[in-house]
Amino acid sequence: MNEVIKSITEAEGRAAEIKAQALSKADEIFAEAQKSADEVSRKSETNCKLYKDNQIKKAEKDAEADYEKYVSEKKSAAKAYADSLIKNTGATVQDIVRRITSGSC
């Protein structure tokens, strides 16, 4: 009977050792996982900031190009409109110049 009790006590001791080793290993694994998670978080934050900055620069560049295109189109339209008005005023201008030069004003 002493042998059985001794065997049980030894088994309990080994179980306690195994449990302590497992808890220690679990703490090591958790610490490494936390370290990895922190590194991934830091890298992700950096990558997101770079992506955001690049997207802002791209949006500004696209907006500038759109603005230049719009202004160019409107300049062309305004010039065409002004040219058509000038073209249609030729007869009126000649009439005014004729009156002034002939003294009939």
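Everything here concerns the structure above.
Owing to the predicted nature of the structure, the values given are computational and were not obtained by experimental measurement. (Residues numbered from 1 in each chain as written. Predicted model: local features only at pLDDT ≥ 70, side-chain atom pairs only at ≥ 80, totals over all residues. Heavy atoms only, no water.)

Caption draft 1: Expanded view of the overall build of the protein. Of regular secondary structure, the protein possesses two helices and zero strands. Scaling as 2.2 N^0.38, a compact globule of 105 residues should have a C-alpha radius of gyration of about 13 Å, whereas the protein reaches 44 Å, well beyond that. The dimensions of the protein, computed from C-alpha atoms along their principal axes, are 145 × 15 × 15 Å. For the protein, buried positions account for 0% of its 105 residues. Taking the average location of the 19 positive side-chain charges in the protein and that of its 19 negative ones, the two points are 13 Å from each other. (Helix = DSSP H or I, 4+ residues; strand = E, 2+ residues; numbered from the N terminus. Rg over C-alpha atoms; globule rule 2.2 N^0.38 Å. Buried < 20%, exposed > 50% of the residue type's maximum accessible area, 1.4 Å probe, protein only. Lys, Arg positive; Asp, Glu negative; His and termini not counted. Charge placed at Lys NZ, Arg CZ, Asp CG, Glu CD.)

Caption draft 2: Focus on the environment of A31. In this structure, A31 sits in helix α1 (residues 2-88). In this structure, the C-alpha to C-alpha distance between A31 and S76, residues 45 residues apart in sequence, is 67 Å.

Caption draft 3: Summary view of the pattern of salt bridges. Evaluated as defined, the whole model comprises six salt bridges. When the shortest N-O distance is used, the salt bridge between E39 and K43 registers 3.9 Å. Separated by four residues within a single helix, E39 and K43 lie in helix α1, roughly one turn from each other. Owing to a relative accessible area of 32%, E39 belongs among the partly exposed residues under this scheme. Overlapping salt bridges bring together E39, R42 and K43 as one network. (Salt bridge = Lys/Arg side-chain N within 4 Å of Asp/Glu carboxyl O.)

Caption draft 4: Molecular detail of helix α2 (residues 90-102). With 13 residues, α2 extends 18 Å from end C-alpha to end C-alpha; this agrees with the ideal 18 Å at 1.5 Å per step. Positive phi appears at G103, one or two residues downstream of α2, with a value of about 80°. (Expected span 1.5 Å × (residues − 1).)

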